[in-house]
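Below are the chains, spelled out letter by letter.
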Amino acid sequence: MPAPAIIGPEFAPQAMRVPARQESRRVALASILPVVVLFYAALLPQEIRFSLLEQQFYPYRIAIFGLLPWVFFRLGQGEMRWNVWDVVFLIGSAWIIISLMAVYNPATGLRRGGAAVLDAFMPYLVTRLCIRSTTDLRRILVMIVPGVFLAGSAVMAESLLQRPIVRPIFSDIFGPLARMEDGVTTSSQFITEKRLGLMRATGPFAHPILGGVFLASLLPLFWASGVRSWPLYAGLFAGVCSFFSLSSAAFLSLLIAGSLLTFDYVQRITSFVSWRLFIPGLAALLAAIHIASPSGIVAILVRYTLNPQTGRFRTLIWEYGTASVERHPWVGIGFQEYVRLRWMVPSVDNHFLLLAIRHGLVTPVLFFLVSVVGVAMLALASRGKPEPERRFLVGIAICLFAFVIVSFTTSFFGGAQTWFYMMIGVAISLGAARARPQ
């Protein structure tokens, strides 16, 4: 019997149905390979690293530097279709160097800021160069299935067996991580905290929260993708395994994705609800809650966590972190520790707030703007599309929207940060594609 199709014929472009479709497919797969390489690098434990010129090279950073010649070649060939949001994201990235040069000195700012800029802009740029259509993203999902399946399985196994497995192996080979490297707080101790009778599993990720958010983001992507057979089930399995991180951020991401996917289904089969009514209504509700709450919507988000103590701690982070930004609104304080209560640890569980503390408001505001615009562009691009295409674009928008909301309850670094910026690139690419001739 012939093997079942992984991607249905309704998703294949017309050019794939000509006799030379095998050659066309090889070219198409080669064009998306850099995204696949970067994604797998983001999955690897950060224990895999080496030091050069006072810089730590983690797997995702090794992949970024390895892809630089390819990026320069593609840019030199004029392959990048620049738009205003690419420039906005580039300015936000460049401001990282400017801010660190102002806080320290030009040499230090260029050295430390250069690595941070590559960590932010390169995942976005590689994705923008590679992804031209939803077919490209479907192929990428199929190619990353083995990695996400193994990562999800590792998280589940660690939680059920109640002991870390993946990172200790690589720690024995490459050595344990330092507590603070390149201004990023990493975990030198393996987390064995238990919740709900299970251990909070880390798997190959830097922290259970990051692993949970990373895996949870896969659920709406695979669910709405139209990918078939075992890649679909393996991708959904990886998304469900985010539960074993026992992280409030992962649960929030799953809740957002599940609720919005359900709403999308309901609005397809009914005539009295629609996204056109839901989106303005949701925006008005969030704005009203933010205005009515003394401490804003962020404090409300962090209040409902599995551990009330961490919720209160995140509220204090927001209070003292925003005070630091008010004192240093343009260039921040770099990698110095912000002023806070003496007993508070220096970590900041809020991605955009952390960027604002370090680099001032320019970088986080521009990054946030591009993220929100990406969601809006996907929503507009989905209009008038055939149902499989519309559903996938909505699923991508839901994935990025959940990422943005969760970013106010945790800070991304390492592979999770790489994946977040890649998803922003996906949104801008597919959102901009609606204006091109098909």
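## Structural notes on the overall build of the chain
A tally of regular secondary structure across the chain gives 17 helices and six strands. Expressed as a percentage of its 438 residues, the buried residues of the chain come to 54%. The contacts in the chain between residues at least 6 apart in sequence include a share of 75% that link residues at least 24 apart. Split by element, the accessible area of the chain, about 19600 Å² in all, is 68% carbon and sulfur.

## Here we look at the pattern of salt bridges
Applying the stated rule across the entire model yields 14 salt bridges. For arginine 200, the salt bridge is made with glutamate 193, and the minimal N-O distance between the two is 3.2 Å. On the accessibility criterion, glutamate 193 (32% relative accessible area) is partly exposed. In this structure, arginine 268 engages aspartate 264 in a salt bridge whose closest nitrogen and oxygen atoms are separated by 3.9 Å.

## Some thoughts on the packing of helix H8 (residues 218–225) against helix H9 (residues 229–240)
Between two packed helices, what matters for the description is the angle formed by their axes and the separation of those axes. At their nearest, the axes of H8 and H9 sit 8 Å apart, and the two run at 155° to each other. Considering the angle they form, H8 stands roughly antiparallel to H9. Pair H8 / H9 crosses with left-handed handedness. Here Leu218, Leu219, Phe222 and Trp223 of H8 lie close against H9, whose contacting residues are Pro231, Leu232, Gly235, Leu236, Ala238, Gly239 and Val240.

## Some details on the packing of helix H14 (residues 351–359) against helix H17 (residues 414–432)
Close contact between H14 and H17 brings their axes to 13 Å; oriented N to C, the two are set at 100°. Taken together, H14 and H17 sit at an angle that is classed as roughly perpendicular. Residues His351, Phe352 and Leu355 of H14 form the contact with H17, whose own contacting residues are Gln417, Phe420 and Tyr421. Looking at side-chain class alone, the contact of H14 with H17 contains four nonpolar, two polar and no charged residues.

## Focus: the nonpolar core
The biggest cluster of nonpolar side chains holds 104 residues, and the ones touching the most others in it are Phe39, Ile396, Trp419, Phe420 and Met423. In this structure, tryptophan 419 is in contact with Phe39, Phe214, Ser217, Leu218, Leu221 and Phe403, ignoring residues within four places of it in sequence. Leu353, Leu354, Ala356 and Ile357 belong to the second-largest nonpolar core, a separate cluster that totals 11 residues.

## With respect to helix H6 (residues 166–174)
Val166, Arg167, Pro168 and Ser171 are the residues of H6 that are buried. Summarising the contacts, the buried residues of H6 are in contact with helix H5 (134–161). Backbone geometry just after H6 places glycine 175 at a positive phi near 95°.

## Thoughts on the environment of isoleucine 398
In this fold, isoleucine 398 is placed in helix H16 (residues 387–406). With relative accessibility at 3%, the residue isoleucine 398 sits in the buried group. Separated by 141 residues in the primary sequence, isoleucine 398 and alanine 257 place their C-alpha atoms 6.1 Å from one another.

The rules behind the values
Residues numbered from 1 in each chain as written. Predicted model: local features only at pLDDT ≥ 70, side-chain atom pairs only at ≥ 80, totals over all residues. Heavy atoms only, no water. Helix = DSSP H or I, 4+ residues; strand = E, 2+ residues; numbered from the N terminus. Buried < 20%, exposed > 50% of the residue type's maximum accessible area, 1.4 Å probe, protein only. Contact = heavy atoms within 4.5 Å. Areas by Shrake-Rupley, 256 points an atom, 1.4 Å probe, with all protein chains shown as cover. Salt bridge = Lys/Arg side-chain N within 4 Å of Asp/Glu carboxyl O. Axes fitted to C-alpha atoms, helices over the stretch in contact; angles between N-to-C directions. Parallel < 35°, antiparallel > 145°, perpendicular 65-115°, else oblique. Left-handed = near helix turned anticlockwise from the far one by under 90°. Nonpolar A, V, L, I, M, F, W, Y, C, P; charged D, E, K, R; others polar. Core = buried A, V, L, I, M, F, W, Y, C linked by side-chain atoms within 4.5 Å.

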